[in-house]
Amino acid sequence: MELVVPDLGEVDTVTVVRWLKGEGEAVEAGEAVVEVEADKAVFVIEAPAAGILRNAKPAGTQVRPGEVLAQIQSP
Amino acid sequence: MKWGLALRLGRMPYAPVWELQRRLHELRRAQKIPDILISLEHEPVITLGRSAQAQDLVAPKEELVKKGVEVFSVERGGGATYHGPGQLVLYPIVDLRALNFSVRQYVWALEEVMIRVGKDFGVELFRRPGFPGVWHTLGKVGFLGIYVRNWVTMHGLALNVALNPNGFAWIVPCGISDLSVISLSDILGQAVSVEEAENYALSAFSEVFSRELVKISGTEVKEWLSRHGLEWRSA
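Read on for an overview of the structure. Since this is a predicted model, take the numbers as computed values, not measurements. (Residues numbered from 1 in each chain as written. Chains lettered and ligands numbered in written order. Predicted model: local features only at pLDDT ≥ 70, side-chain atom pairs only at ≥ 80, totals over all residues. Heavy atoms only, no water.)

**Some thoughts on the interface of chain B and chain A**
Then, number 1: The interface of chain B with chain A comprises 22 residues on the first partner and 19 residues on the second.
Then, number 2: Summed over both sides, the interface between chain B and chain A buries roughly 1,800 Å², with carbon and sulfur atoms accounting for 50% of that surface.
Then, number 3: The three residues of chain B that bury the most area against chain A are Arg50(B), Arg104(B) and Arg149(B), which together make up 35% of that side's buried surface.
Then, number 4: A salt bridge links Arg104(B) to Asp39(A), with the shortest nitrogen-to-oxygen separation between them at 2.7 Å.
Then, number 5: At the junction of chain B with chain A, the criterion picks out 14 residue pairs in polar contact (both at pLDDT 80 or more).
Then, number 6: Going through the elements one at a time, helix 4 (103-120) and strand 9 (139-149) of chain B are the ones with two or more residues in the side of chain B that touches chain A.
Then, number 7: When residues of the side of chain B that touches chain A are assigned to their parent elements, the largest contribution, seven residues, is made by strand 9 of chain B.
Then, number 8: Sheet topology note: the strand 5 (residues 41-46) of chain A/strand 9 of chain B ladder contains three bridges and is parallel. For Ala41(A), the partnering residue across the bridge sits in strand 9 of chain B and is Ile146(B). (Contact = heavy atoms within 4.5 Å. Buried area = accessible area lost by both parts, 1.4 Å probe. Salt bridge = Lys/Arg side-chain N within 4 Å of Asp/Glu carboxyl O. Polar contact = N/O pair within 3.5 Å; in protein donor to acceptor, adjacent residues only side chain to side chain. Helix = DSSP H or I, 4+ residues; strand = E, 2+ residues; numbered from the N terminus. Pairing = 2+ DSSP bridges.)

**Some points on the pairing of strand 9 of chain B**
Residues and elements named next belong to chain B.
Then, number 1: The buried fraction of strand 9 amounts to 11 of the 11 residues, a majority that puts the element mostly inside the structure.
Then, number 2: Relative to strand 9, strand 8 (residues 131-136) is paired through three bridges, and the arrangement is antiparallel. Across the sheet, His136 pairs through a bridge with Gly139, a residue of strand 9.
Then, number 3: Relative to strand 10 (residues 152-160), strand 9 is paired through eight bridges, and the arrangement is antiparallel. Counterpart to Leu144 in the pairing with strand 10 is Leu157.
Then, number 4: A loop of two residues connects strand 9 with strand 10, the two strands running antiparallel in sequence, and Asn150 in this loop sits at a positive phi of about 55°. (Buried < 20%, exposed > 50% of the residue type's maximum accessible area, 1.4 Å probe, protein only.)

**Considerations on the packing of helix 1 (residues 14-29) of chain B against helix 7 (residues 218-227) of chain B**
All names here are of chain B.
Then, number 1: The N-to-C vectors of helix 1 and helix 7 enclose an angle of 55°; their axes lie 12 Å apart at closest approach. Considering the angle they form, helix 1 stands oblique to helix 7. Where helix 1 crosses over helix 7, the two elements pack in a sense that is left-handed. On the side of helix 1, the interface is formed by Leu20, Arg23, Leu24 and Leu27, while helix 7 contributes Val221, Trp224 and Leu225.
Then, number 2: Tallied by class, the residues present in the contact of helix 1 with helix 7 amount to six nonpolar, no polar and one charged. (Axes fitted to C-alpha atoms, helices over the stretch in contact; angles between N-to-C directions. Parallel < 35°, antiparallel > 145°, perpendicular 65-115°, else oblique. Left-handed = near helix turned anticlockwise from the far one by under 90°. Nonpolar A, V, L, I, M, F, W, Y, C, P; charged D, E, K, R; others polar.)

**Points about the sheet that holds strand 6 (residues 51-54) of chain A**
All names here are of chain A.
Then, number 1: Strands sit in the order 1-8-6-3 across an open sheet of four strands; the sheet is antiparallel. With partners counted over all chains shown, the strands left at the sheet margins are strand 1 (2-4) and strand 3 (26-27), one partner each.
Then, number 2: Across three bridges, the pairing between strand 1 and strand 8 (residues 68-73) is antiparallel. Along strand 8, the bridge assignment pairs Val4 with Val68.

**Some points on the sheet that holds strand 3 (residues 45-48) of chain B**
Residues and elements named next belong to chain B.
Then, number 1: Ordered by their spatial adjacency, three strands build an open sheet running 4-3-5, and the pairing between neighbours is mixed. Among the strands making up the open sheet, the edge pair consists of strand 4 (70-73) and strand 5 (80-83). Between one strand and the next, the sheet's axes are offset by a mean angle of 20°, whatever the strand orientation.
Then, number 2: In terms of strand pairing, strand 3 meets strand 4 through four bridges, oriented parallel. Bridging across to strand 4, Leu48 finds its partner in Ser73.
Then, number 3: The strands touched by helix 1 within the sheet are strand 3, strand 4 and strand 5, with strand 4 carrying the most contacts at an inclination of about 25°.

**As for unusual backbone geometry**
Glycine aside, residues mostly have negative phi angles, and peptide bonds mostly take the trans form.
Then, number 1: The backbone of Asp39(A) shows a phi angle near 55°, a positive value even though the residue is not glycine.
Then, number 2: Looking at where Asp39(A) falls in the secondary structure, it is placed in the loop between strand 4 (32-38) and strand 5.
Then, number 3: Although it is not a glycine, Asn100(B) adopts a positive phi angle of roughly 60°.
Then, number 4: Mapped onto the elements, Asn100(B) comes out in the loop between helix 3 (96-99) and helix 4.

**Some thoughts on the environment of Gly49(B)**
Residues and elements named next belong to chain B.
Then, number 1: Within the fold, Gly49 resides in the loop between strand 3 and helix 2 (61-67).
Then, number 2: When its relative accessible area of 8% is taken as the criterion, Gly49 is described as buried.
Then, number 3: Residues Gly49 and Val181 lie 132 residues apart in sequence; the distance between their C-alpha atoms is 18 Å.
Then, number 4: Sequence-distant contacts of Gly49, defined by excluding residues within four places in its chain, comprise Val74, Arg76, Gly77, Gly78 and Gly79.

Functional significance is not addressed by these values, which are geometric in nature.
Below, the structure is given as structure tokens:
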């Protein structure tokens, strides 16, 4: 499953500011995984399903809504 | 009109209010409480948002310790900022989905509240595209820093009403090294009370967010938290 930047409404790009879970770490469904920021607002993105976090885009990367931030590999 | 709660705390140190925000944010996310707006002034404090860089804190640590100014790294967006007496702070803990607000619309709404307070004092404040907050031709007057989880907000806005701006010299505010920071009282050249600004801000918030605000006291909030098995040390 993919971890995707949600549509925040009229926001073109957001910056990945901090991963709350590390590469290869297990995450639960609904668990806070990563924080992105736009317009002085930090927005927390949660895991859509349980799994192992893989291929996380590094902090500082600019991403667009709909873009894939990481993979959540089924456990 | 839908309603929300207004909690006026007066002057408070940073830590207990941060703790209160986190507890209320958790309860709001669980849909256990309605929207709530906290308004207050802080004792002198520096906070570092998620975008703050190490070099944004300019003052030597010893100087801050000597002056009793604490530094907190917090979860809001934005860089370094300074809060102190004479600055009106609003922390809305609101569900953006129920308001039908996008994050961008929420930022706009907080700026609108500050612009309206300015207008009530006869001061024209404006937005600058790409630089969230509100401005006067003489400098930045209103600041934003927001945290959103499950579409529920915390942290919020700070409006310089009659703030001694010296505290901003301890930091690089918002990561902008040549930023001019100014208060409504300096623009007007006369004393302005935070309480009056707070009254205007609560009315403006009520209009911009289409919410009737019902007052709640700190004691009531404490009782309310304890009913949910949560404690709050108020100072």
